[in-house]
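The lines below spell out each chain.
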Amino acid sequence: MAQPDSKKIFFENLSGAGKAIAVLTSGGDAQGMNAAVRAVVRMGLYVGAKVYFIHEGYQGMVDGGENIREATWESVSSMLQVGGTVIGSARCKEFRTHEGRLKAAHNLVKRGITNLCVIGGDGSLTGANLFREEWSGLLGELVEQGLIEADAVQKYSALHIVGMVGSIDNDFCGTDMTIGTDSALHRIIEVVDAIMTTAQSHQRTFVLEVMGRHCGYLALVSALACGADWVLIPEMPPEDGWEEKMCQKLSATRSRGTRLNIIIVAEGALDRHGKPITSSFVKENRAGMKRLNIIIVAEGAIDHNNKPITTDYIKNLVVKCLGFDTRVTILGHVQRGGTPSAFDRILASRMGVEAVLALLETTANTPACVVSLCGNQSVRLPLMECVQMTQEVQKAMDEKRFEEAVKLRGRSFENNLKTYKLLAHRKPESELPTSNFNVAVLNVGAPAAGMNAAVRSAVRVGISEGHKMFAVSDGFEGFYKGQIKEIKWADVGGWTGQGGSLLGTKRTLPAKHVDKIADQMRKHNINALLVIGGFEALLSLLELLTARGKYDEFCVPMVMVPATVSNNVPGSDLSIGADTALNAITTTCDRIKQSASGTKRRVFIIETMGGYCGYLASVGGLAAGADAAYIYEEPFDIRDLQANVEHLTEKMKTSIQRGLVLRNENCNDNYTTDFIYQLYSEEGRGVFDCRKNVLGHMQQGGAPSPFDRNFGTKISAKAMQWISKKLVETFRQGRVFANTEDTCCLLGMRRRALVFQPVVQLKEDTDFVHRIPKEQWWLKLRPLMKILAKYKTSYDVSDSGQLEHVVRNRPRESDASVAM
């Protein structure tokens, strides 16, 4: 973390010296906008540019004056954890007029601003592009009116625009996730989890209306995350007769002993005849259900005839048909509020830095672009291509081309819808294929939030594919002890929101008991294995692969799904459970820093989990606004520690009141948390005092985040589909025999795609001594944390986003995105 040599300044060929960048937020607010503003300001200042706030969005640009102010490093302190947008946002009718844009251009030119970073929705970004196209003409008019000098036209000849999409609706084509969406999902899931406890107590049906305008993303993903019984979204209105089918589904769910039902409805939902579907309608049509259902309705949901489907309509329907005690909850603007999630802070920070890079690299011929997320990679896309595709979605919906509308929403949306249908609606036994294959699922290693969602998904997809599913308790320890039993569809109901591992999990590896495990495989006729776990799960598959030479019972398809808070599994950028742990770290750091509010200057030393993997410390540090993060992968010595103390001391002499230092638990044997705490306390004496905190196992506990629920659900579903395919391919002469490398795989996320990788091929990529991959993608994020903490450091731009085009052709199944 020490400052490098002064000659090693951030890529000189992209210096921002002499440039002026303005940042504004426009349209509806979204959690994470402040993190994006902070990143733009600090990255802009870091490269030597002048950076300006434009307060109150386009209205502030038109009005000028004090609405356009120069930003300083300190002016964005303590805003990372704040929801909404501290620089304000406002609708501006005047900017839609030529006269308004002329005023805005004058206000920018007076300050020499020709680089604009706009954080907003499609309307805000479209307005920015129009402003850019008119720019030269506007300058000519200003010269004619005598408001600017003639040489200003040449000096400020081009306006450069880079956009970031800030919207909870996630309705912008070209990006898997928009800033604010994940936080909105957190608010929705928090409410659903709370409602489920009271609904179970009273055997109730709950109808929830969520926001999203004409996009059903929030409704669809929250339905996946909570296992809702029914969801109604604008992109796929229900077929005629849906009311009867829904009531039958709810009744069947209750008959299996479930005490609650959930229906989620998008605001403004319509049926296929344009009739509103409201919560009241559902309540009145409900005679015969057992205990509790939850239905989620996206605002804007319609039927196939463009008739709105509202929560009142659904409520009346459920009450009338089933007689169930039904309640309606309209979440409203609570979805926009609150602290941004770790995901949104990291996404916004990455996008903000990327936006500044894009502005520095732009030329007069570069089209306005929008910084987007594809899988786990930042990309730049032409703004108007994305806007046009977004408009095509609405046009397809208006013309009742609903299948096309779903595809135009993007592969993430389409995959979510397919997965929800697969898991929520059980086919009758007569319609299920009969494969006669037995598949076992087990958890291995430490518990991780999201494991239960993965098990639920595997069980239900397996049953849908005609397999008999077996659950193994307590990992391979339970396996050799015979703790194996068949698990049914209803057995995994309500599992998505449960933390830990309901199956039980142990770190026991199979090698010592391989003969007994082979006996159990033979006894239960297990034809395939799905292992959900961390580094121990990878070691287990390697041991079982070796055992194939001696035991034919292990010559079956085997696949691993990574699940560990440490995110240290080679072959996957992300693991189930890591996002929940990051949120725990971020929330705790927020509270710890807040505890120093109003006190003297203070620095907090926080120890995180992760073994030898520094993912939680590094990415958690980026999300929490840390000043330093010590990890094993980046060796440090006493000189680095001293330089960090001096750096913090200088910051503390300004208006900065609090400092945050994270330390990975195994980063160094000698520089322990106590040592670093004592060093900072001594060296900072007279300037700041210190406190330390060891977060411990709270990082492993709690309810899984929406991301982990959905990541676990989708990756596990894909793993089961792979198993089904391999079972067919390897079935010969009345038995399954799989002995090739490609039948023992790990399914992981690599940049933009989910990829099946033979575990034997991952051995070369693995540091088995320290239980980490030899190369880790997130190390490229560490310079961002340092830059945003005011360190001068080198920054690798080789992996930064390049201008691409919106892909309209359908991706291959293997390329399916796992973004939520």
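If you check an unreviewed UniProt entry, the chain appears there as ATP-dependent 6-phosphofructokinase from Seriola dumerili. In the Subcellular location (unreviewed entry) part of its UniProt record, the chain is described as follows: "Cytoplasm". Heading Pathway (unreviewed entry) of the UniProt record for the chain holds this comment: "Carbohydrate degradation; glycolysis; D-glyceraldehyde 3-phosphate and glycerone phosphate from D-glucose: step 3/4."

Engineer: Looking at this structure, how should I read the sheet that holds strand β19 (residues 602–608)?
Structural biologist: In any sheet, the strands associate via hydrogen bonds between backbone groups, in a parallel or an antiparallel arrangement. Across the sheet, four strands lie side by side as β20-β21-β19-β22; this open sheet has parallel pairing. Since the sheet does not close on itself, it has two edges, and those belong to β20 (628–630) and β22 (689–694), each with one partner. Across this sheet, the average inter-strand angle for adjacent strands is 20°, counted without regard to direction. Judged from the seven bridges that link them, β19 and strand β21 (residues 658–664) form a sheet pairing that is parallel. Across the sheet, I605 pairs through a bridge with V661, a residue of β21. Running over the sheet, helix α20 (residues 615–624) touches β19, β20 and β21 and is turned about 165° from β21.

Engineer: I would appreciate a short explanation of the domain arrangement of the chain in the present structure.
Structural biologist: Accessible area lost when the parts come together is the quantity often used to give the size of an interface. Along its sequence, the chain is carved into domain 1 (11–178 + 340–394), domain 2 (181–336), domain 3 (438–576 + 703–767) and domain 4 (579–700). Here the C-alpha centre of domain 4 lies 36 Å away from the C-alpha centre of domain 3. Contacts between domain 3 and domain 4 engage 13 residues on the former and 11 residues on the latter. Summed over both sides, the interface between domain 3 and domain 4 buries roughly 940 Å², with carbon and sulfur atoms accounting for 54% of that surface. On the domain 3 side of the interface with domain 4, the three residues burying the most area are V565, S566 and N567, jointly 46% of the side's total.

Engineer: Hey, could you run me through the packing of helix α11 (residues 342–361) against helix α19 (residues 578–594) in this one?
Structural biologist: Two packed helices can be described by the angle between their axes and the distance between those axes. Axis separation between α11 and α19 bottoms out at 8 Å; the angle between their running directions is 90°. Here α11 lies roughly perpendicular to α19, going by the angle between them. Only D579, L582, N583, T586 and D590 of α19 make contact with α11, whose side of the interface consists of A342, F343, R345 and I346. Of the residues assigned to the contact of α11 with α19, the class counts are four nonpolar, two polar and three charged.

Rules and cut-offs
- Residues numbered from 1 in each chain as written.
- Predicted model: local features only at pLDDT ≥ 70, side-chain atom pairs only at ≥ 80, totals over all residues.
- Heavy atoms only, no water.
- UniProt positions renumbered as here; feature names shortened; annotations may be inferred.
- Pairing = 2+ DSSP bridges.
- Helix = DSSP H or I, 4+ residues; strand = E, 2+ residues; numbered from the N terminus.
- Axes fitted to C-alpha atoms, helices over the stretch in contact; angles between N-to-C directions.
- Contact = heavy atoms within 4.5 Å.
- Domains from an automatic or database assignment.
- Buried area = accessible area lost by both parts, 1.4 Å probe.
- Parallel < 35°, antiparallel > 145°, perpendicular 65-115°, else oblique.
- Nonpolar A, V, L, I, M, F, W, Y, C, P; charged D, E, K, R; others polar.

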